[in-house]
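Reading the structure
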Amino acid sequence: MLNNWKEIRLFVITICALSLFVFLGFNRHSKTGYFNYRSQLWADKAGYYVYLPATFIYGYDTSGWPDSLDIKTGDGFHIDKASDKIITKYSCGVAILQLPFFLGAYLLSVRNENSGDGFNPIFHKAIDVAGAFYLTLGLLLIGLILIRKFNNTIALIVTLTLVGCTNLYYYGIDETGMSHIYSFALFASFLYLIFVTDFMRHNNVLSYTIFGILAGLMVLVRPTNVIFLSVYLFLELGPGETLSMRCLRLLNTKGFFLILVSFFATISPQLIYLEYAFGELLSYSYQNEGFNWFHPKIINIWFSPNNGLFLYTPIYLILMGCQIGIIKSNGWKMAYTFILFIIISYVFSAWWDWSFGCSFGSRNFVEYLAIFCFPLAEYMYSSGRTVKFYWLIIFTLLAVLNLKMIYTYDECFFGLSDWDFERFVHLIIGPTK
């Protein structure tokens, strides 16, 4: 009976959280309108999404598309009527995860005798529901991991911190069509597979298959997510456990085959699309956009008023401080999270547009909160009640600052330069939208 009560309580909390996030998303977009830079299907967001109407409504036949729809949605994709092709540089992972919500919106549109064109208001709202769902799913899985590793109190503290004090809120409520909240949910799912199911030790066929599917989806949502797959090899090696032991488990004949087959089955729609759109299975759709490996802008990506990580999400200073404390106490065997932070900082800062365009903070770090929250959990778990009390004060201040900046931010940084601190200060003291 006690376990049943715990499950019921968890279910109720989850539904309440989901309902709250849906409400916040609807409220946030209640006055933004459609076909503008504040809407749910604009620019990058439309580029991720376009696979769905192209596949299920128009059948990749450009003659049926509304005129200039690509321009009206911010040029996130291109309707090339000369070649009769729908061209987008973005991969289809986000669209796959949005599919259930798209289908629901389509059924509602048809039932209400609205246009089932894939871009009416119902489809826009479906994106908000999708963002709220994956935000809730990611937080739920992270919470379950923390309960298993620590306790209910730590799980509550950390999940509330993730929502209130980071730009995870922004990408789960505001920019619901961007890829980051979907990556966050996949990262949390992958961590849950590792920590809770312990799939490798049980040599389970289903778990190996899920491993391959999750890996494929992560790569489809954002190709750089492939870096995150390293968590299986390096995260928290147990007593007497070595890297070679984990590699051997991963590469055993049955497991490796199942992972490989399920991975390629998952990414096969993207390969088919690349052949259709660009003529090659492995073509590079971003064309002239790439990485400047010898000129990374690490200082910019960390500290610039133009989306600098530590300025927009100062809690990262605390997260990394906790990680350094863990390294001092336990040695470099617990340094994986810190090393991962350095690696992705280098990779993201080497991208040709290190600020990643219009984003709130360094948006490419959002999904990694799924793992960067663990040093905070470790620190809070080993601390007494006094520290938890002080953390409540810090949490409140950071949450107020975070939400104030989010509700002042107008989709892009409009400073005169990348180091316009006056414009950044305006986010803190200026009026909300």
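Described below are features of the structure shown in this document. Since this is a predicted model, take the numbers as computed values, not measurements. (Residues numbered from 1 in each chain as written. Predicted model: local features only at pLDDT ≥ 70, side-chain atom pairs only at ≥ 80, totals over all residues. Heavy atoms only, no water.)

We now examine the nonpolar core. By size, the foremost hydrophobic cluster in this structure holds 129 residues, and its most contacted members are W65, L191, I371 and F372. Excluding its chain neighbours within four sequence positions, the residues that come into contact with L191 are I142, I145, V196, F228, V231, L235, A370, I371 and F374. (Core = buried A, V, L, I, M, F, W, Y, C linked by side-chain atoms within 4.5 Å. Buried < 20%, exposed > 50% of the residue type's maximum accessible area, 1.4 Å probe, protein only. Contact = heavy atoms within 4.5 Å.)

Inspection of the secondary structure assignment puts H180 in helix α9 (residues 180-197). Here the side chain of H180 touches R363 through a polar contact of 2.9 Å, side chain to side chain. When near neighbours in sequence (up to four residues on either side) are disregarded, H180 contacts Y171, R222, R363, N364, V366 and E367. (Helix = DSSP H or I, 4+ residues; strand = E, 2+ residues; numbered from the N terminus. Polar contact = N/O pair within 3.5 Å; in protein donor to acceptor, adjacent residues only side chain to side chain.)

Where helix α21 (residues 385-406) contacts helix α22 (residues 421-429), the two axes come as close as 7 Å, and the packing angle between them is 110°. Here α21 lies roughly perpendicular to α22, going by the angle between them. Listed contacts from α22 to L401, K404 and M405 of α21 are F424, H426, L427, I428 and I429. A per-class count over the contact of α21 with α22 returns six nonpolar, one polar and one charged. (Axes fitted to C-alpha atoms, helices over the stretch in contact; angles between N-to-C directions. Parallel < 35°, antiparallel > 145°, perpendicular 65-115°, else oblique. Nonpolar A, V, L, I, M, F, W, Y, C, P; charged D, E, K, R; others polar.)

The subject of this paragraph is the pattern of salt bridges. Here the structure, examined in full by the defined rule, presents seven salt bridges. A salt bridge links R28 to D174; the shortest N-O distance between them is 2.6 Å. With a gap of 146 residues between them, R28 in helix α1 (residues 2-28) and D174 in helix α8 (residues 168-174) connect regions that are remote in the sequence. On the basis of relative accessible area, R28 is assigned to the buried category, the value being 14%. Under the relative-accessibility criterion, D174 is labelled buried at 4%. (Salt bridge = Lys/Arg side-chain N within 4 Å of Asp/Glu carboxyl O.)

On to α21. A rise of 1.5 Å per residue sets the reference length of α21, with its 22 residues, at 32 Å; its end C-alpha atoms lie 31 Å apart and thus fit the reference within 8%. W391, F395, L398, A399, N402, M405 and I406 are the residues of α21 that are buried. All buried residues of α21 lie within an arc of 125° about the axis, which places them on one face of the element. Residues of α21 that are exposed and point over 90 degrees away from its buried face: T386, Y390, L397 and V400. (Expected span 1.5 Å × (residues − 1). Arc of directions from axis to C-beta.)

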